[in-house]
Amino acid sequence: MAIRKLLLLLKPIDPYPFLQTEGASLIKNPQVLKYLESRSKVHRNAIKFCQEILSKKPVEWKPISRNDLLHPIRDVDMVITVGGDGTLLHASHFIDDSVPVLGVNSDPTQAQEVEELSDQFDASRSTGHLCAATVENFEQVLDDILFGRVIPSKVSRISLKLNSEPLLSHALNDILVAHPCPATVSRFSFKIKNKYGETRQKTVNCRSSGLRVCTAAGSTAAMQSAGGFVMPILSRDLQFMVREPISPGSTASLMHSAFKPNQFMDVNWYSDHGTIYVDGCQVRHNVQLGDTIGISSDAPVLNVFLSQGISQIRSRY
């Protein structure tokens, strides 16, 4: 498919509005202030650069701030996000499997800066795990796409059902099912079933701080931080982990594992209140005592241009 019409989705141009309040900075540490001001400048320059490159190409494009994105994205051939993984993650909730997306990391982490400032604060910038481009290679990556030399990768998302009714939200990274108060114990049980609803696994009863389920893309995020394993980016499996289980006993080995695309997780909620957090704070759904939650990878994929796919194509030329 020829790409002629693009949407340029931007992280807010001023991502740190709290830096100035009535002319006075809220940040007193000069090194932190310099770092944040640098991040804002680098991001603004990246947006300007991407717009200049697009203006030279035979495409129609329109910029929009991610804060102004309120409706599903339609009638475009591709979305380009300029920011980091958070901006692409936000965009994914407005994109189905018909529109590919390219992420541009506008402010990559600088290793030397992190090292120099490590005794004062964490100077990490944007990881850009799902971003195939930076300002350094944006034009080359864009040309590869426009000339059809690369194709997007199909990245799995999580499908959810609440009391057998499908939810419209699909998680690109992960979901967390937990009590709204993080200090409150959640009570629930789950089974892994096949597509016919059959299972040979015993019911796993849990008292814990919640349940996290992630995709392959999300396995490098909160799941990895909690001790999970990194999955191949194109895997359709879903990984799950019961957070901080209380006295798991003989079911301890069943608290962290993965299940296949032809399986789903059937969760029964036994606390008065609960919340399904989809991709962090992107979307929330309330659950209550007696609710059932179905979790699977039976969701529309997200077509993403990944750096590994572009590198493989370039090696052929």
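For the protein, an unreviewed UniProt entry supplies the name NADH kinase and the organism Capsella rubella. For the record of the protein, the UniProt heading Subcellular location (unreviewed entry) holds the text "Cytoplasm". Its UniProt record, at the heading Sequence similarities (unreviewed entry), says of the protein: "Belongs to the NAD kinase family."

(A) Representation of the nonpolar core in the model. If you look at the biggest cluster of nonpolar residues, it comprises 28 residues, and the most contacted ones within it are I175, V213, M265 and I295. Setting aside chain neighbours within four positions, we find I175 in contact with I158, L160, L211, R212, V213, I276, Y277, V278 and I295.

(B) Spatial organisation of the domain arrangement of the protein. Split by domain assignment, the protein resolves into domain 1 (5-151) and domain 2 (157-299). Using only C-alpha atoms to locate each centre, domain 1 and domain 2 end up separated by 30 Å. Taken together, the 11 residues of domain 1 in the interface contact 11 residues of domain 2. For the pair domain 1 and domain 2, the two sides together bury roughly 810 Å², of which 57% comes from carbon and sulfur. The largest share of the area that domain 1 buries against domain 2 comes from L89, H93 and H129, three residues that together contribute 60% of it. Linking domain 1 with domain 2 are 0 salt bridges. Inspection of the domain 1/domain 2 interface yields 4 residue pairs in polar contact (both at pLDDT 80 or more). Tallied by class, residues from the side of domain 1 that touches domain 2 come to 4 nonpolar, 5 polar and 2 charged.

(C) Geometry of the environment of W269. On the secondary structure map, W269 appears in strand β16 (residues 263-269). Taking the C-alpha atoms as reference points, W269 and V177, separated by 92 residues in sequence, lie 9.4 Å from one another. In contact with W269, not counting residues within four places along its chain, are V177, A178, H179, S186, R187, F188, G274, V287, Q288, L289, G290 and D291. Separated by 3.1 Å, the side chain of W269 and the backbone oxygen of H273 make a polar contact.

Conventions and cut-offs
- Residues numbered from 1 in each chain as written.
- Predicted model: local features only at pLDDT ≥ 70, side-chain atom pairs only at ≥ 80, totals over all residues.
- Heavy atoms only, no water.
- UniProt positions renumbered as here; feature names shortened; annotations may be inferred.
- Core = buried A, V, L, I, M, F, W, Y, C linked by side-chain atoms within 4.5 Å.
- Buried < 20%, exposed > 50% of the residue type's maximum accessible area, 1.4 Å probe, protein only.
- Contact = heavy atoms within 4.5 Å.
- Domains from an automatic or database assignment.
- Buried area = accessible area lost by both parts, 1.4 Å probe.
- Salt bridge = Lys/Arg side-chain N within 4 Å of Asp/Glu carboxyl O.
- Polar contact = N/O pair within 3.5 Å; in protein donor to acceptor, adjacent residues only side chain to side chain.
- Nonpolar A, V, L, I, M, F, W, Y, C, P; charged D, E, K, R; others polar.
- Helix = DSSP H or I, 4+ residues; strand = E, 2+ residues; numbered from the N terminus.

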